[in-house]
Amino acid sequence: MKPFTNRLLGLAAGIAVACAATSALAVDLTGAGATFPYPIYSKWAEAYKAKTGVGLNYQPIGSGGGIAQIKAKTVTFGASDKPLLPGDLQAAGLTQFPTVIGGVVPVVNIPGVKAGELVLDGKTLADICLGNIKYWDDAAVKKLNPGVNLPHLAVVGVHRSDGSGTNFIFTAYLSKKSPQWASQVGADTAVEWPTGIGAKGNEGVAESVKQASGSLGYVEYAYAKANHIAFVRMINHDGVAVEPTAEAFKAASARTDWAHAPGFFVVLTDQPGHDAWPIAGATFILVYKNPADPKAQKEALQFFKWAYENGDALAEANDYVPLPQSTKDAIFKSWQTNIVPASQP
Amino acid sequence: MNRVLYARRRITNNVFLILSLMAAAIGLGWLTLILSTLVTNGAVGFSFRIFTEITKSSGSNGGLANAIGGSLIMTSIAVVVGTPIGIMDGTYLAEYGRDRLSAFLVRFVNDILLSAPSILIGLFVYEVLVPRMGHFSGIAGAAALAVIVIPVVVRTTENMLLLVPNTLREAAAALGSPRSHIIRSVTWRAARAGIVTGALLAIARISGETAPLLFTAFGNNGWVSGLTGLNSPMASLPLVIYNDALSPSDDLHQLAWEGALLITLAVLTLSIVARFFESRRY
Amino acid sequence: MVDAALSENLAATSRGAALRRFGRSDLRFRFFTGSAALLVVVIFAGLIATLVVGAWPAIKAFGFDFLVTSSWNPVTERFGAFPAIYGTVVSSAIAMLIALPIGIGIAIFLTELCPRSLKRPIGIAIELLAGIPSIVYGIWGLFVFVPYFQQTIQPRIIDAFANVPILSTLFAGPPFGVGIFTASLILSIMILPFISAVTRDVFETVPHTLKEAAYAIGCTTWEVMWNVVLPYSRSGVVGGAMLALGRALGETMAVTFVIGNAHHINSSLFSAGTTISATIASEFTEALGTLYIPALIELGLVLFGITFIVLAIAQLMLYRLNRLAGGGSK
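What counts and how
- Residues numbered from 1 in each chain as written.
- Chains lettered and ligands numbered in written order.
- Predicted model: local features only at pLDDT ≥ 70, side-chain atom pairs only at ≥ 80, totals over all residues.
- Heavy atoms only, no water.
- Helix = DSSP H or I, 4+ residues; strand = E, 2+ residues; numbered from the N terminus.
- Buried < 20%, exposed > 50% of the residue type's maximum accessible area, 1.4 Å probe, protein only.
- Areas by Shrake-Rupley, 256 points an atom, 1.4 Å probe, with all protein chains shown as cover.
- Lys, Arg positive; Asp, Glu negative; His and termini not counted.
- Charge placed at Lys NZ, Arg CZ, Asp CG, Glu CD.
- Contact = heavy atoms within 4.5 Å.
- Salt bridge = Lys/Arg side-chain N within 4 Å of Asp/Glu carboxyl O.
- Polar contact = N/O pair within 3.5 Å; in protein donor to acceptor, adjacent residues only side chain to side chain.
- Nonpolar A, V, L, I, M, F, W, Y, C, P; charged D, E, K, R; others polar.
- Phe/Tyr/Trp six-rings, centres within 6.5 Å; stacked < 30°, edge-to-face > 60°.
- Lys NZ or Arg CZ within 6 Å of the ring centre and 35° of its normal.
- Domains from an automatic or database assignment.
- Buried area = accessible area lost by both parts, 1.4 Å probe.
- Arc of directions from axis to C-beta.
- Pairing = 2+ DSSP bridges.

*Asks:* Now, about the overall build of chain C: what can you tell me, with residues and values included?
*Replies:* Scanning chain C from terminus to terminus reveals twelve helices and two strands. Order of helices (α) and strands (β) in chain C, N terminus to C terminus: α-α-β-β-α-α-α-α-α-α-α-α-α-α. In terms of principal-axis extent, the alpha carbons of chain C reach across some 100 × 60 × 40 Å. The proportion of buried residues among the 330 residues of chain C is 55%. Only carbon and sulfur atoms are counted for the fraction: they give 68% of the accessible area of chain C, which is about 14000 Å². Averaging the locations of the 19 positively and 16 negatively charged side chains of chain C gives two centres separated by 9 Å.

*Asks:* Please provide a residue-by-residue account of the interface of chain B and chain C, values included.
*Replies:* Listed per partner, the contact involves 82 residues of chain B and 80 residues of chain C. Counting across the interface, chain B meets chain C through one salt bridge. Across the pair Arg9(B) and Glu223(C) runs a salt bridge whose closest N-O atoms are separated by 2.6 Å. Viewed at the interface, chain C and chain B are joined by six residue pairs in polar contact (both at pLDDT 80 or more). Here the side of chain B that touches chain C takes 18 residues from helix H1 (residues 2-43) of chain B, the largest share from any one element. Here the side of chain B that touches chain C is composed, by residue class, of 53 nonpolar, 18 polar and eleven charged.

*Asks:* Break down the packing of aromatic side chains for me, with residues and values.
*Replies:* Residue and element names in this part refer to chain A. Going through the model one piece at a time under the given rule, you end up with 50 aromatic pairs over all chains. Each ring, one from tyrosine 41 and one from tyrosine 58, has its centre 5.0 Å from the other, and the planes form 90°; the classification is edge-to-face. One end of the pair, tyrosine 41, is in helix H2 (residues 38-52); the other, tyrosine 58, is in strand S2 (residues 57-59), with 17 residues separating them in the sequence. You'll find tyrosine 41 and tyrosine 58 in the same group, each marked buried. Positioned above the aromatic ring of tyrosine 288 is the side chain of lysine 73, whose terminal nitrogen or guanidinium carbon lies 5.2 Å from the ring centre. Above the face of the phenylalanine 332 ring, lysine 305 is positioned so that its terminal group lies 6.0 Å from the ring centre.

*Asks:* Mind laying out the domain arrangement of chain B, listing which residues take part and the relevant values?
*Replies:* Residue and element names in this part refer to chain B. Domain boundaries in chain B define domain 1 (1-42) and domain 2 (48-279). With five residues of domain 1 at the interface, the matching set in domain 2 holds seven residues. Interface of domain 1 and domain 2: buried area, both sides summed, is about 560 Å²; carbon and sulfur atoms make up 76% of it. Among the residues of domain 1 in contact with domain 2, Leu38, Asn41 and Gly42 are the three that bury the most area, contributing 79% of the side total.

*Asks:* Quick one: what's the story with the interface of chain C and chain A, residue by residue and with numbers?
*Replies:* Listed as interface residues are 29 residues of chain C and, on the opposing side, 34 residues of chain A. Taken over both partners, the interface formed by chain C and chain A buries close to 2400 Å², and the fraction arising from carbon and sulfur atoms is 59%. Of all residues in chain C, Val75(C), Glu286(C) and Leu288(C) bury the most surface against chain A, accounting for 26% of the area lost on that side. The interface formed by chain C and chain A includes two residue pairs in polar contact (both at pLDDT 80 or more). The set of elements that each furnish at least two residues to the side of chain C that touches chain A consists of strand S1 (72-73), helix H5 (134-160), helix H10 (253-258) and helix H11 (276-283) of chain C. The element contributing the most residues to the side of chain C that touches chain A is H5(C), with six residues.

*Asks:* Any details on helix H11 (residues 246-254) of chain A? Residues and values, ideally.
*Replies:* Residue and element names in this part refer to chain A. Here H11 has its buried residues at Ala248, Phe249, Ala252 and Ser253. Projected down its long axis, H11 shows its buried positions confined to an angular sector of 140°, all on one face. Exposed side chains of H11 directed beyond 90 degrees from the buried face belong to Glu247 and Ala254. Check the buried side of H11 and you find it contacts strand S4 (94-109), helix H10 (221-227), strand S12 (280-288) and strand S13 (321-322).

*Asks:* Account for the domain arrangement of chain C, with residues named and values stated.
*Replies:* Residues and elements named next belong to chain C. The domains assigned to chain C are domain 1 (1-59) and domain 2 (65-324). Inter-centroid distance (C-alpha atoms) of domain 1 to domain 2 is 39 Å. Here domain 1 meets domain 2 over a buried area of about 740 Å², counting both sides, of which 87% is carbon and sulfur. Put simply, domain 1 and domain 2 have zero salt bridges between them. At the surface where domain 1 touches domain 2, the tally comes to zero residue pairs in polar contact (both at pLDDT 80 or more). For the side of domain 1 that touches domain 2, a count of residues per class yields eight nonpolar, one polar and no charged.

*Asks:* Go over the side chain of Thr111(C), please, and point to the residues and values.
*Replies:* Residue and element names in this part refer to chain C. Positionally, threonine 111 belongs in helix H3 (residues 82-113). On the basis of relative accessible area, threonine 111 is assigned to the buried category, the value being 11%. Among all residues touching threonine 111, those that are not within four sequence positions of it are Lys119, Arg200, Phe203, Glu204 and Met225.

*Asks:* So what's going on with the sheet that holds strand S11 (residues 241-242) of chain A? Residues and values would help.
*Replies:* All names here are of chain A. The mixed open sheet is built from three strands, whose spatial order is S5-S10-S11. Edge positions in the sheet fall to strand S5 (119-120) and S11, since each has one partner strand and no second. Judged from the two bridges that link them, S5 and strand S10 (residues 233-235) form a sheet pairing that is parallel. Each bridged residue has a counterpart across the sheet, and for valine 119 the counterpart in S10 is arginine 233.

Printed below as a string of structure tokens:
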């Protein structure tokens, strides 16, 4: 038997050569972060590559991961569903901008209740998630659903066990509508759930809701649509019961004054508007104002500029809501004022 | 009196033998169950596209070619680097260390490493390599996998070497063989089957690792080519399976099942081939 | 005369040279094995150092309370590891309880019962369970096993034990499918091949003369296994069990899909729980804030601590067993 040691040395030498040979590397456009916009970012990337030949490698490692990696400067841009506060942006030398809007949809599995049949408002939803409402035939639920035959069935709350932007949007909404939720639980990508079971990912929640009778969960719109689970109609800020549709998500952002929100810090839950879906949210991109690699960032911003100008149809086809033109203009303007000239698209 | 005793012994014997038969049936039952679901979910609609197309978004008829390539590269490097180190370490423990304090320490440390959550190993390699290199890379991914390979190989190598009867070593020593020669041509040879098992267990262990690659290899939607590829973010099959399985699209779910079937079949084939080699040699 | 002396001299020098060469290659070989061993210690030290540095803010903020409190609140940044520690220990313990007898049973079957021609295929088949990647176990668990377990098996178990004093608490409803017991079941499948493969290998090293002697005085197969093979190979069996326990304690992906990931402690094994590695895996990538990531890293340190204790106990047991065996054997 030939000594392993010889082979080991040979291999180490080989790897050393490989490292040395590759130290000079071309511009690499890499982004990381939120899982929620991953489908549309990959669609855009494919279309952009077909058109310009520039490839984008976006990896859905999670919003927290996206923020951590842009801070560690291992990626060209970070992506997060939870916007950073203007102060945090300032401290890190970062700037952020929204890309698309999506919605979070409560879903239920109650025998005899069809999709869109059940109506809930924010307060009742919070009480269910807090464990204050234990059965589906509770007076508060009955009051909102006079015609619906609600069984005496225990409520099984299903929530995301992993930290996620979906959690942030959902809990931000509950915090707005229920003082008890705001003080007891709060709003974040991960919270201490008072009751219920946890499931991994949107897919895990959808699966659990499909299986557990009496369950209530919440998923991103695309998952509710793909899994054919019964969604809930929500009573919005104007007191109207709305269905979760792309139009309703769009309506939620219609009156938002993005241009005057510092750092585009806007949480789109419980927005005014007759048709507005109350649990909507935008997803954000983080880049440096003065990047270490201005050329790579320029490529990244060129990509997003292209997406703002040409990507709306793709976004709509994939159940995302594109931003209004006024917001896009505000974003372009913010690039000019915040980001060094070398990185301007 | 004696007849009662005999009857009792016979019954005890039969009961336990039946129980052991049932144990084997349970083990085989699980395997059949898991494999059959994998095959029914993965083989339906299986297409060779997955070997030719790279990962794409939902609805674009993507494949797994870049992920398969990345996994092969990183697993190979990790095994080629990690196995010799593990074998040498296991040899130290079994042949030189034995009852020494140093060996006790190494053994202990190794067993703890063996059960370390792989995401922490990924984190460690990330801290050591990635910020220094300035970007994620296949090398970092392979390094993280190698750190997982080493303790597995150490554990099996030591176990197997300790099983080699001392009389063999003594016989070789009596012929005047130096120690290193005895180890290389007697004990390693006697324990070869076990050492190969260790390497296989290591491959099996890392072939499905997702967590340690998250912050090291990172993943890549495109191809990486040549030597430069090792230095850039690299795709891997488990990462793609993980992302696809948690996506909303049916076609990506299908791809995840196909990938899962593929990994499992690869490991399966690998171990059977290795076994075949072993049986041919003796 | 002269020739003879010369040749003797020559032979002596070449023997000396050969011996010196042997000596040098011996030293070199030993140096390589030693440095490989050292490398593992260095990796370990680096890992611990990275973790301690990473966890330091949480260690400073929570102190000892981290280990004994149950709150896991990312919003207020109050973190306590107790539910995760509980889930880790309980799920691994149950998995061992299930897998150890089955694994040893398989090894006995393979060495004593199985027809020679089937030995190899069945042995390989069982080991294939170890080859199935943990992410596949995770997906299989979530999409296939959990729904079946929830709809078919769990309600029956809950009904069956409803009036049995202790079991009714341990297996109380409602049936969620996911939970600590589900995780234990999946874990037990995953560690089964580790136990059976090592145990079988160890069984096969038992000298035939020993077994033949026992058979010759009229022992049954079971008596040979219990009184001859197992005592002879017990340190190997314990070693295999430790390998399996190590895998169970640190297993991440499969567990995080099926355990329910809830930071609660419930007397029912059917309720959702969490383990240390599942918590790290499912929350690490989305964690934000100054104490959240340090708390997750400290959880990793705690897992190292638990592994350390388990291994220390195992080593102690092995040491005692060996001494007993060396002292007065029966």
